[in-house]
Amino acid sequence: DTAVSQTPKYLVTQMGNDKSIKCEQNLGHDTMYWYKQDSKKFLKIMFSYNNKELIINETVPNRFSPKSPDKAHLNLHINSLELGDSAVYFCASSRFMNTEAFFGQGTRLTVV
Amino acid sequence: AQSVTQLDSHVSVSEGTPVLLRCNYSSSYSPSLFWYVQHPNKGLQLLLKYTSAATLVKGINGFEAEFKKSETSFHLTKPSAHMSDAAEYFCVVTISGGSNYKLTFGKGTLLTVNP
């Protein structure tokens, strides 16, 4: 059983489109995250949710909107996609905010 | 405030030789430290963690790391590299005991293993 699963794994779309990435964890964790990994492999946190509440929003454009319908899910919706949004997006979860995080396999988003 | 510096962006070793990946951290409080590995086109996997217990931490796949407070370091080592160790490695710091502190990632070290 996959602990943190995200879909889709690959996403190719045109500029201006709106797309969503879904994430689910079956670890019973209270905290979930979205990270962005750029072409240089640098990982940057985008959002953190704890018990469905937004805790961290790291100056991400408001075209990015996370949604947490319950503690096990944290989806990421992106409006008006731009070329610079191309990256790998990772979902993760942890028991608490300062404990080790478990990562999904990533979603490679390519905007053309 | 907290930060982490991985001193080498790329380390190349021969199979069977020791691996040393260096990490220095900065933290205003008692830190928790982690090493993650990312194989090509894969997610991140936790190798090991330090959370104020034993300073020498053993992880998976023969890796270990030593927390040295005086040197603010948490270097990752392995006695003998294997081809399957080739990957990107990330050192991560957070603050232990807090309730609202995020993980801060280093910029990564690419390990290549030559036959």
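Our structure's up above, just so we're on the same page.
The structure presented is a predicted model; accordingly, all values stated were derived computationally and were not measured. (Residues numbered from 1 in each chain as written. Chains lettered and ligands numbered in written order. Predicted model: local features only at pLDDT ≥ 70, side-chain atom pairs only at ≥ 80, totals over all residues. Heavy atoms only, no water.)

J.: I would appreciate a short explanation of the packing of aromatic side chains in the present structure.
T.: To describe a pair of aromatic rings, one takes the distance between the centres and the angle between the planes. Residue and element names in this part refer to chain A. Applying the stated criterion across every chain, the model contains 14 aromatic pairs over all chains. When the ring of Tyr35 is compared with that of Phe103, the centres are 5.5 Å apart and the planes differ by 50 degrees; the resulting orientation is tilted. Here the residue Tyr35 occupies a position in strand β4 (residues 31-37), and Phe103 occupies one in strand β10 (residues 102-103), the gap between them amounting to 68 residues. As far as the burial class goes, Tyr35 and Phe103 line up, both buried. (Phe/Tyr/Trp six-rings, centres within 6.5 Å; stacked < 30°, edge-to-face > 60°. Helix = DSSP H or I, 4+ residues; strand = E, 2+ residues; numbered from the N terminus. Buried < 20%, exposed > 50% of the residue type's maximum accessible area, 1.4 Å probe, protein only.)

J.: Looking at this structure, I do not really get the state of the cysteines. What am I missing?
T.: Two cysteines form a disulfide when their sulfur atoms are joined by a covalent bond. Under the counting rule described, the total for this entry stands at two disulfides over all chains. Put simply, Cys23 of chain A and Cys91 of chain A are joined by a disulfide, and their sulfur atoms are 1.8 Å apart. The sign of the -75 degrees torsion about the S-S bond sets the Cys23 of chain A-Cys91 of chain A disulfide as left-handed. Taken together, the positions of Cys23 of chain A in strand β3 (residues 19-25) and Cys91 of chain A in strand β9 (residues 87-94) put the pair 68 residues apart, joining distant regions of the chain. Looking at Cys23 of chain A, the relative accessible area reads 1%, which means it is buried. The class of Cys91 of chain A is buried, set by a relative accessible area of 0%. Covalently, Cys23 of chain B is tied to Cys91 of chain B through a disulfide, its sulfur atoms 2.0 Å apart. Note on the Cys23 of chain B and Cys91 of chain B pair: the S-S dihedral is about -70 degrees, so by sign convention the disulfide is left-handed. Here Cys23 of chain B is found in strand β4 (residues 23-27), whereas its partner Cys91 of chain B is found in strand β10 (residues 87-95), with 68 residues between them in sequence. Accessibility expressed as a relative area gives 0% for Cys23 of chain B, which makes it buried. We classify Cys91 of chain B as buried; its relative accessible area is 0%. (Disulfide = S-S within 2.5 Å.)

J.: Explain the layout of surface pockets to me, please; I cannot follow it from the model alone.
T.: Quantified by volume, the largest pocket comes out at close to 270 Å³. Forming the boundary of the largest pocket are 19 residues, of which Gln37, Ala87, Val88 and Arg108 of chain A together with Asn41 of chain B lie nearest the centre. Of all the secondary-structure elements, those providing two or more residues to the lining of the largest pocket are β9 and β11 (107-111) of chain A. Each residue belonging to the lining of the largest pocket can be placed in one class, and the counts come to five nonpolar, nine polar and five charged. (1 Å grid on protein atoms, 1.4 Å probe; cavity = no way out; pocket = protein on both sides within 12 Å on 5 of 7 lines; lining within 4 Å. Points joined across faces, edges and corners; volume = space filled by probe spheres on them. Nonpolar A, V, L, I, M, F, W, Y, C, P; charged D, E, K, R; others polar.)

J.: Would you mind showing me how to read the environment of Ser73 of chain B here?
T.: Residues and elements named next belong to chain B. As for its position among the elements, Ser73 is in strand β9 (residues 73-78). Along the chain, Ser73 and Ser26 lie 47 residues apart, while their C-alpha atoms are 9.0 Å from each other. For Ser73, the contacting residues outside a window of four places in its chain are Cys23, Asn24, Tyr25, Glu66, Phe67 and Lys68. (Contact = heavy atoms within 4.5 Å.)

J.: Where do I start with unusual backbone geometry in this structure?
T.: With the exception of glycine, most residues fall at negative phi, and the peptide bonds are largely trans. Here the residue pair Thr7 of chain A and Pro8 of chain A is connected by a cis peptide bond, since its omega of 0 degrees sits within 30 degrees of zero. When you line up the elements, Pro8 of chain A lands in the loop between β1 (4-7) and β2 (10-13). Positive phi, normally seen in glycine, also occurs at Lys41 of chain A, with a value near 75 degrees. Residue Asn41 of chain B is not a glycine yet carries a positive backbone phi of 60 degrees. Relative to the helices and strands, Asn41 of chain B resides in the loop between β5 (31-38) and β6 (44-50). For Asn41 of chain B, a relative accessible area of 52% translates into the label exposed.

J.: Even after reading the chapter, I still don't get the nonpolar core, so can you show me in this structure?
T.: Most often, soluble globular proteins keep nonpolar side chains buried together rather than apart. In terms of nonpolar packing, the biggest core is built from 26 residues, with Trp35, Leu48, Leu76 and Tyr89 of chain B touching the most fellow members. Looking at which element gives the most residues to this core, the answer is β10 of chain B, with four residues. Judged by nonpolar contacts, the second largest core, of 20 residues, contains Val4, Met46, Tyr49 and Val60 of chain A. (Core = buried A, V, L, I, M, F, W, Y, C linked by side-chain atoms within 4.5 Å.)

J.: I keep staring at the sheet that holds strand β7 (residues 64-70) of chain A and nothing clicks. Help me out?
T.: What links the strands of a sheet is backbone hydrogen bonding, and the strands pair in either a parallel or an antiparallel sense. Residue and element names in this part refer to chain A. Spatially, four strands are ordered β1-β3-β8-β7 in an open sheet, and the strand pairing comes out antiparallel. The strands lining the two open edges of the sheet, one partner per strand, are β1 and β7. The mean angle between the axes of side-by-side strands here comes to 20 degrees, regardless of whether they run parallel or antiparallel. Pairing analysis gives five bridges linking β7 to strand β8 (residues 73-78), with the strands arranged antiparallel. Of the residues in β8, the one forming a bridge with Asp70 is His73. (Pairing = 2+ DSSP bridges. Axes fitted to C-alpha atoms, helices over the stretch in contact; angles between N-to-C directions.)

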